[in-house]
Each structure stands twice: as C-alpha cells, then as structure tokens.
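# Close look at the chain arrangement
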Amino acid sequence: MLFKRQSSILKKILVCNLTILSSIPKTLTILKLPIMTQPLDKDSQASKPIMDIFQKCYEFTRADEVKAAGFYPYFRAIEENEGPVVQIEGRKVIMAGSNNYLGLTAHPKVKEAAVRAVEKYGTGCSGSRYLTGTLDLHNELESRLAKYMGKESCLLFSTGYQTAQGIIPTIVQRGEYLITDKDNHACIVAGYMMAKGLFAEIVRYKHNDIEDLERVISKLPLHVGKLLVTDGVFSTSGEIVNLPDLIKVTKKYNARVVVDDAHAIGVIGKGGRGTASHYGLENEVDLTFGTFSKTFASLGGFVVGNERVINYLKHQSPALIFSASPTPASVAAALAALDILEKEPERITKLIHNADRMRKGFKEAGFKIIEGQSAVVPVIVGDDMLAFKFWRELFDAGVFVNAFISPGVPPGLQMMRTSYMATHENHHLDRILEIFSKAGKNLGII
Ligand SMILES: Cc1ncc(COP(=O)(O)O)c(C=O)c1O
C-alpha cells in the first residue's frame with residue numbers, strides 16, 4: 001500500500017520534472033512575445049492579487065514528499081566510484097547507467113594528469129579563453145583533438161551543452177534555417193531556441209526519418225543558408241543516425257551538417273572517431289562536436305571542423321567569450337584520456353563486446369530492447385508505474401540504471417536506459433542480467 005502511494009507521488013514528480021524539461025521551448029517562446037507597450041490601467045490592476053514570482057517555488061513540494069517517503073530516485077550521492085561499481089548509501093552497486101564509456105574516470109594516468117595540472121596551473125583559469133583563460137594545455141588539447149578527428153581545427157568549450165549553444169545561434173542567424181531531428185538532445189534544443197530568439201527559422205523533422213527530412217527541407221528556399229544538426233548516437237535510444245541518406249538530402253538542398261557525437265566518440269567509428277567515421281563519411285560532415293563528460297572522463301566540450309568556421313566561432317560565439325575556460329584538471333584529464341583512447345583501441349572493442357553481450361542477454365531473458373550498435377542498451381518496460389517499480393527493485397538488488405518515463409520518452413517506450421563501460425567484466429554483466437531477470441519476472445515484465 002505504502003509502495004503504491006510512494007509510486008503515485010514519484011510518478012507525479014517525474015512527470016512534473018519531465019514536463020518542465022519538455023516545456024523549455026514554450027517558456028523561451030513566451031520570452032519572445034512583445035513586451036506590453038500600453039500604459040497600465042491602474043483601476044483594472046487594483047483588483048488583481050499581487051503575485052510573487054517565487055510562488056511556484058514555494059508551492060513545489062512534491063520532491064520533499066517523495067524524499068520523505070524514502071523513494072526519491074534523483075541526486076543519489078555516490079560515495080565512492082571505481083567505475084563499474086559505485087558505493088551509494090554505504091552499499092556497493094553495479095553501475096549500469098553511466099556514460100563513462102571507456103571506464104577512464106578511475107584510470108591512474110588520467111587521475112595523475114589532473115593532479116599534476118592542479119599543481120602546475122592551480123585550480124581554475126578565472127577567465128574566458130578570449131582573455132586570460134587560455135593555457136598551453138587548452139591549445140595542446142585542441143590541436144590533438146583536431147588531429148585525432150582528421151579536421152583542420154578545434155575549439156574547446158566549458159561543457160558539451162555549452163558547445164551546442166556556442167555553435168548554433170552563432171552560425172544560424174536572422175532569416176537562415178536550422179533543421180533539427182525531433183529527438184535531438186536538449187542542448188541542441190537550447191541552442192536552436194536561442195537562434196529562434198535571434199529570428200532564425202527552425203524546422204523539425206521526424207526522428208531519424210529521411211523521407212520526412214526531405215519533405216520539410218524541400219519546401220525551404222534553396223538559396224538561403226541552412227544548418228542541419230543531429231545527434232550521431234541518440235542519447236536515449238542509442239540508435240545511430242542514418243547519416244548516409246541524411247547527407248544525400250542535405251547536399252541536394254544546400255544544407256551544412258553538424259553532428260553531436262557525445263555518445264559516439266570513443267564508442268563507434270575507426271579508433272572511436274565517431275559517427276562520420278563509422279560510415280566512412282568523414283569528409284561530408286561539416287562540424288562535429290562532443291563532450292569530455294563521457295569517453296574522456298572529464299568535463300568540457302569541443303567542436304572540430306574547417307579552420308575558417310572554427311576561427312569565426314572563436315571570435316563570435318558568446319558561449320565561449322563570456323564564460324570561463326575549462327579548468328586545468330579537466331583539460332589535463334581529457335588529454336590523458338585521449339592518449340589512452342589512441343593507444344588502446346582494444347578498450348573500444350571490449351566496450352562494444354560488452355554492450356552486444358547485454359543486448360543478447362536481455363533478449364534471451366525475454367526483454368524487449370531497442371537494437372543498436374552503441375554502448376546504450378534500452379530495456380523497454382512500456383509503462384510509467386512499472387518503470388518506477390522496476391527501477392526500485394533493481395536498485396535494491398544492487399544495480400543502478402536510469403528510469404525514463406513519458407513524456408520524456410513516447411508512451412510505450414518507458415525504459416531502463418542501461419549503458420556499459422569497457423571496464424565491466426563478465427561477472428558484472430552476468431550479475432546485471434541475473435538481477436534484471438529476477439526483477440523482471442517478479443513484476444511480470446518477462
Ligand atoms: C547527445 C548529448 N549531447 C550533449 C551533451 C552535453 O554534454 P555535457 O555533459 O558536456 O554538457 C550530452 C550530455 O548528456 C548528450 O547526451
């Protein structure tokens with residue numbers, strides 16, 4: 001009974017949080033509405049209650065209720081982190097929801113590089129790249145990444161999210177077109193909403209649907225500049241974008257292509273070089289951006305591409321110019337992770353082997369999954385309540401995964417988003433499958 005009540009509270013808060021997320025564009029659209037220019041009519045105002053803009057915050061108590069019920073799934077503090085195993089609330093659990101794809105956050109060389117950087121440069125840069133925040137380390141990482149990705153130039157940002165905001169509204173300006181997959185990551189949405197605020201035109205097409213892309217793009221004026229942005233590996237489903245067909249369409253209709261390879265670099269492509277490399281289309285993608293928060297075991301973002309375009313971003317992008325540069329420790333850790341990525345490609349093979357093994361194991365156990373070739377393996381549950389219950393059982397039994405419910409995912413696709421690391425060993429994977437199977441049977445999912 002208590003469980004049922006807890007579940008209903010939990011559902012409310014999850015739905016609320018996801019609704020807030022999915023309503024971000026609407027909120028920003030509201031910001032764009034013209035500000036009232038008529039003088040206020042004092043008499044009609046007098047009868048209206050005076051609102052405190054913080055009222056909504058005071059009234060938002062659902063998180064507290066769920067916490068009080070002991071059933072709050074968010075912000076679970078990790079007390080120790082070895083990679084595949086973490087400690088939460090004094091208990092060791094297998095981590096099957098992290099994007100630490102190559103397991104490098106715990107690698108001695110990566111940790112040592114971060115410590116050495118702090119000793120040499122201190123803890124922060126205290127300025128933007130543009131002014132006092134450029135270290136020789138930033139320049140070194142930029143040239144190393146450009147070389148690794150086979151591109152002319154690279155620019156670092158402070159996060160991957162910020163990188164999208166740094167590229168999109170800087171490139172796509174008034175009257176120009178931004179074309180976007182409906183399932184693109186939130187950082188792309190934030191980027192195009194900024195562009196929209198600057199009077200760019202936004203055009204969305206159905207997820208990974210090239211026919212729909214052609215339908216929408218063919219209606220746009222051929223002569224006007226267009227930028228298409230897509231995830232390379234979609235973060236929720238783990239699917240790889242249909243880049244070959246997408247490129248054919250963008251070439252036909254005069255659109256440049258940007259790929260967000262946050263979940264692709266270090267995972268797919270030759271030596272982990274991402275989506276374009278996966279398809280042998282390295283020369284067809286104009287800009288590729290990524291993050292250091294996944295494969296690179298650190299924090300920060302980057303974009304690679306043509307030197308003139310990167311130079312333009314370097315001098316025009318507010319997200320770069322008005323924000324402090326990535327810390328010495330973050331850059332040094334990412335550099336050390338890049339060294340390992342280049343020298344130890346067998347880690348990528350192991351990562352994909354692990355994910356494939358889990359896809360096979362889940363299917364054999366009777367679970368429905370989304371097929372793919374990346375490190376993300378979604379296990380479909382198909383119902384919000386069932387997803388919460390399943391998550392709880394898995395966590396209690398010793399596996400930490402991410403529960404995604406609607407409207408964050410379409411109804412019917414509620415899932416446990418599982419993801420793997422090169423440092424998961426067979427015994428971890430077997431245990432995950434064992435726990436999933438037991439909980440899945442208990443709840444009638446399989
Ligand atoms: C597809 C995608 N792009 C960009 C980002 C943002 O990266 P960062 O964590 O560096 O802000 C993420 C992070 O979750 C992501 O999944």
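Residues numbered from 1 in each chain as written. Predicted model: local features only at pLDDT ≥ 70, side-chain atom pairs only at ≥ 80, totals over all residues.

### Things to note about the overall build of the protein
Secondary structure summary: the protein contains 18 helices and 15 strands in total. Counting across all 446 residues of the protein, residues that qualify as buried make up 46%. Once local pairs closer than 6 in sequence are excluded, the contacts in the protein between residues at least 24 apart make up 75%. (Helix = DSSP H or I, 4+ residues; strand = E, 2+ residues; numbered from the N terminus. Buried ≥ 20, exposed ≤ 12 C-beta atoms within 10 Å, placed from the backbone. Contact = placed C-beta atoms within 7 Å.)

### Things to note about unusual backbone geometry
Residue P407 is reached from S406 by a cis peptide bond, and omega for that bond is 5°. As for its placement among the helices and strands, P407 is situated in the loop between strand 14 (402-404) and strand 15 (415-419). Backbone geometry places N208, a non-glycine residue, at a positive phi of 55°. Examined against the element boundaries, N208 turns out to sit in the loop between strand 6 (201-205) and helix 10 (210-217).

### A short note on the sheet that holds strand 8 (residues 255-260)
Spatially, seven strands are ordered 4-10-9-8-7-5-6 in an open sheet, and the strand pairing comes out mixed. Across the chains shown, the open sheet's two edge strands, defined by having one partner strand only, are strand 4 (153-157) and strand 6. The mean angle between the axes of side-by-side strands here comes to 20°, regardless of whether they run parallel or antiparallel. When strand 4 meets strand 10 (residues 301-305), the two strands line up antiparallel, connected through five bridges. Residue pairing for strand 10: F157 is matched across the bridge by G301. (Pairing = 2+ DSSP bridges. Axes fitted to C-alpha atoms, helices over the stretch in contact; angles between N-to-C directions.)

### Some words on the sheet that holds strand 15
Here four strands make up an open sheet; going across it, the order is 11-12-15-14 and the pairing antiparallel. Looking at strand neighbours, the two that pair on one side only are strand 11 (368-369) and strand 14, the edges of this open sheet. Note that strand 11 and strand 12 (residues 376-380) share two bridges and pair antiparallel. Across the sheet, I369 pairs through a bridge with V379, a residue of strand 12.

### Description of the site of the ligand
In the region of the ligand, 13 residues are neighbours, and G160, Y161, H185, A262 and T291 sit closest. Considering only residue class, the shell around the ligand consists of three nonpolar, eight polar and two charged. (Near = placed C-beta within 6 Å. Nonpolar A, V, L, I, M, F, W, Y, C, P; charged D, E, K, R; others polar.)

### Describing the confidence of the model for the protein
Per-residue pLDDT for the protein has a mean of 90; in total, 89% of the residues score no lower than 70. Note that pLDDT drops below 50 for residues 1-37; the model gives that stretch 34 contacts with residues more than four away or on any other chain. (pLDDT = per-residue confidence, 0-100.)

### Let's talk about the pairing of strand 6
Summarising the sheet, strand 5 (residues 177-181) and strand 6 pair through five bridges and their orientation is parallel. Looking at the pairing, D181 lines up with Y205 of strand 6.

### Considering helix 9 (residues 186-197)
End to end, helix 9 covers 16 Å across 12 residues, agreeing with the expected 16 Å (1.5 Å per residue, within 8%). Three or more residues of helix 9 are buried, namely C187, I188, V189, G191, Y192, M193, M194 and A195. One or two residues past the end of helix 9 sits F199, with phi positive at roughly 70°. (Expected span 1.5 Å × (residues − 1).)

### A few points about the environment of I310
Within the secondary structure layout, I310 lies in helix 13 (residues 307-316). The buried category is assigned to I310, around which 21 C-beta atoms lie within 10 Å. For the pair I310 and S153, spaced 157 residues apart in the sequence, the C-alpha separation amounts to 6.4 Å.

### Concerning the packing of helix 8 (residues 160-171) against helix 9
Closest axis-to-axis distance for the helix 8/helix 9 pair is 8 Å, and the angle between their directions is 30°. By the angle between their axes, helix 8 is roughly parallel relative to helix 9. For the pair helix 8 and helix 9, the crossing hand works out as right-handed. Side by side, helix 8 and helix 9 meet where G160, Y161, A164, Q165, I167, I168 and P169 of the first sit next to C187, I188, A190, G191, Y192, M194 and A195 of the second. Of the residues that constitute the contact of helix 8 with helix 9, the class distribution is 11 nonpolar, three polar and no charged. (Parallel < 35°, antiparallel > 145°, perpendicular 65-115°, else oblique. Left-handed = near helix turned anticlockwise from the far one by under 90°.)

### Some thoughts on the pairing of strand 12
The element strand 12 is extensively covered by neighbouring structure, given that four of its five residues are classed as buried. Counted between consecutive antiparallel strands, the loop separating strand 11 from strand 12 contains six residues. In this sheet, strand 15 lies alongside strand 12 in antiparallel orientation, the contact comprising five bridges. What sits directly across from V379, in strand 15, is M416.

### Some words on the environment of K360
Relative to the assigned elements, K360 resides in helix 16 (residues 346-365). By C-beta crowding, K360 is classed as exposed, having 12 other C-beta atoms within 10 Å. In this structure the C-alpha to C-alpha distance between K360 and E371, which are 11 residues apart in sequence, comes to 9.8 Å.

### Quick notes on the packing of helix 7 (residues 136-149) against helix 15 (residues 328-343)
Running from N to C, helix 7 and helix 15 point in directions that differ by 30°, and their axes come no closer than 10 Å. As the angle between them shows, helix 7 and helix 15 are arranged roughly parallel. As helix 7 runs across helix 15, the sense of the crossing is left-handed. Contact with helix 7, carried on its side by L137, H138, E140, L141, R144, L145 and Y148, involves P328, V331, A332, A334, L335, L338 and E342 of helix 15 and no other residues of that element. Taken together, the residues of the contact of helix 7 with helix 15 break down into 10 nonpolar, one polar and three charged.

### Considering helix 8
Between its first and last C-alpha atoms helix 8 spans 17 Å; for 12 residues at 1.5 Å apiece the expected length is 16 Å, and the two agree. Among the 12 residues of helix 8, 12 are classified as buried, and the element is accordingly described as predominantly covered. Regarding helix 8, the residues found buried are G160, Y161, Q162, T163, A164, Q165, G166, I167, I168, P169, T170 and I171.

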